[in-house]
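Observations on the model geometry
Spelled out from the first residue to the last, the chains are:
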Amino acid sequence: MLKPVATRSPLDDREGFRSALRGWFGKHGKDYPWRRTRDPYAVLVSEVMLQQTQIATVLGRGFYTRFLERFPDLNALAAAEDDTLLKAWEGLGYYRRARMLRESARAVIDRHGGEFPADPAALLALPGIGRYTAGALLSFAYDRPAALVDGNVARVLARLFDHAGPVDSGPMLKWLWETAGHLLDPDHPRIYNSALMELGQTHCRPGVPDCLSCPVAAFCTTRDPSALPVKAKRQAIEEIDEHAVCVLHGGGILLVRQGRGRREGMWRLPVREKGEVAGLPLLHRRKYGITRYRVSLHVHACPPDHPAAARDGEEWIGVETLGSRVIPPADRAALAAVLGGAEEIA
Ligand code: SF4
């Protein structure tokens, strides 16, 4: 691929590097709602949402705005019941984030009288706040000189310095944080961190980057950016089957509330062993991914008096109330297909 040749190192000409980034961001930086606020609570909400969800989803589907309307401040979030909180998070996935956000809100109220601390150690002591989020809060909300490294920043730095260490290894992480700290603009940390992250989202994107219009191409030493960053080998995906029963009775459907774990508090179709559903008609089949598993969910029609029907801890839920329940996306899609009478194989 065509790529301009580096003429200087960002470390040797830090002000030149920062100024190139600032100039570009001043003209082309995106106007996200979380960039219009200095409220640390609103910044934290955006950061937690964006941890595992794309900007386009968070913005395009209105999650950020709706969440802040529903929970406008720390007190509102700290007082949220589990069901209300999970419902407001529905569609974003990784529900643990919502609970952790509430834990942080409660801790800020209990330990700091409702005022977010502007001190790195106090921030890091809050539940769910790691090094990246502390850096984001300090720089975005308080404009304090705090470095941050996320996936975008790691990619940009690995390419700028042509560093082929695996980005998820200890030594590479140490180097990334140190380098991010050396390059950080102490006079404009908010703009600098936003610009570096945005460069990773726009020009220095994964795969083949757009080097020809990159504002810091003169500082970038890699000759093969698409080979960077290097990642450690991922765990292999495991295929598994899941057999659920659809038991209907008197306007209700049998569901089970999930205990501790990734789907805690959510309602699912009851899952059975394959042998228990032998002979029951298959109503629906779909595939979904969760962590390192690729799951084939089979939903079987099950009469209420069948041995595979109700078990302890399972509940009859009125079909008309399903819309207000928090249900994982695969189960919700299966319920829509089954209760709508459609058979969908995805
Ligand atoms: S887009 Fe990335 S790889 Fe390309 S010149 Fe810019 S920093 Fe380097």
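All of these numbers come straight from a predicted model, not from anything done at the bench. (Residues numbered from 1 in each chain as written. Predicted model: local features only at pLDDT ≥ 70, side-chain atom pairs only at ≥ 80, totals over all residues.)

Looking now at helix H4 (residues 63-70). Of the positions making up H4, those classed as buried are Phe63, Tyr64, Phe67 and Leu68. For H4, the angular spread of buried residues about the axis comes to 125°, placing them on one side. When the buried face of H4 is taken as reference, the exposed residues oriented beyond 90 degrees from it are Thr65, Arg66 and Glu69. Close packing links the buried residues of H4 with helix H2 (40-50), helix H3 (55-60) and helix H6 (82-89). (Buried ≥ 20, exposed ≤ 12 C-beta atoms within 10 Å, placed from the backbone. Helix = DSSP H or I, 4+ residues; strand = E, 2+ residues; numbered from the N terminus. Arc of directions from axis to C-beta. Contact = placed C-beta atoms within 7 Å.)

Our next topic: the environment of histidine 243. Inspection of the secondary structure assignment puts histidine 243 in strand E1 (residues 238-246). In this structure histidine 243 comes out as buried when scored by C-beta crowding, with 22 C-beta atoms within 10 Å. A C-alpha to C-alpha distance of 57 Å links histidine 243 and alanine 6, two positions 237 residues apart in sequence.

Before going further, it helps to examine the sheet that holds E1. Reading across the sheet, the 4 strands line up as E5-E1-E7-E6 and stay open at both edges, with mixed pairing between neighbours. Each edge of the sheet is formed by a strand with only one pairing partner; in this case those strands are strand E5 (271-272) and strand E6 (282-290). Bridging between E1 and E5 involves 2 bridges; their strand directions are antiparallel. Bridge assignment links histidine 243 to a residue of E5, and that residue is arginine 272. Across the sheet, helix H13 (residues 329-339) is in contact with E1, E6 and strand E7 (293-301); its angle to E6 comes to roughly 160°. (Pairing = 2+ DSSP bridges. Axes fitted to C-alpha atoms, helices over the stretch in contact; angles between N-to-C directions.)

Attention shifts here to the pairing of strand E3 (residues 252-257). In this sheet, E3 lies alongside strand E2 (residues 248-249) in antiparallel orientation, the contact comprising 2 bridges. For leucine 248, the partnering residue across the bridge sits in E3 and is isoleucine 253. Note that E3 and strand E8 (residues 314-318) share 5 bridges and pair antiparallel. Bridged to leucine 254 within E8 is tryptophan 316. Pairing of E3 with strand E4 (residues 267-268), which is carried by 2 bridges, proceeds in the antiparallel orientation. Counterpart to arginine 257 in the pairing with E4 is tryptophan 267.

Before going further, it helps to examine the packing of H2 against helix H9 (residues 131-142). In contact at an axis separation of 10 Å, H2 and H9 are set at 135° when each is read in the N-to-C sense. With respect to H9, the element H2 is oriented oblique. At the point where H2 passes H9, the crossing takes the right-handed sense. In contact with Pro40, Val43, Leu44 and Glu47 of H2, H9 contributes Thr133, Ala136, Leu137, Phe140 and Ala141. For the contact of H2 with H9, the class distribution of residues is 7 nonpolar, 1 polar and 1 charged. (Parallel < 35°, antiparallel > 145°, perpendicular 65-115°, else oblique. Left-handed = near helix turned anticlockwise from the far one by under 90°. Nonpolar A, V, L, I, M, F, W, Y, C, P; charged D, E, K, R; others polar.)

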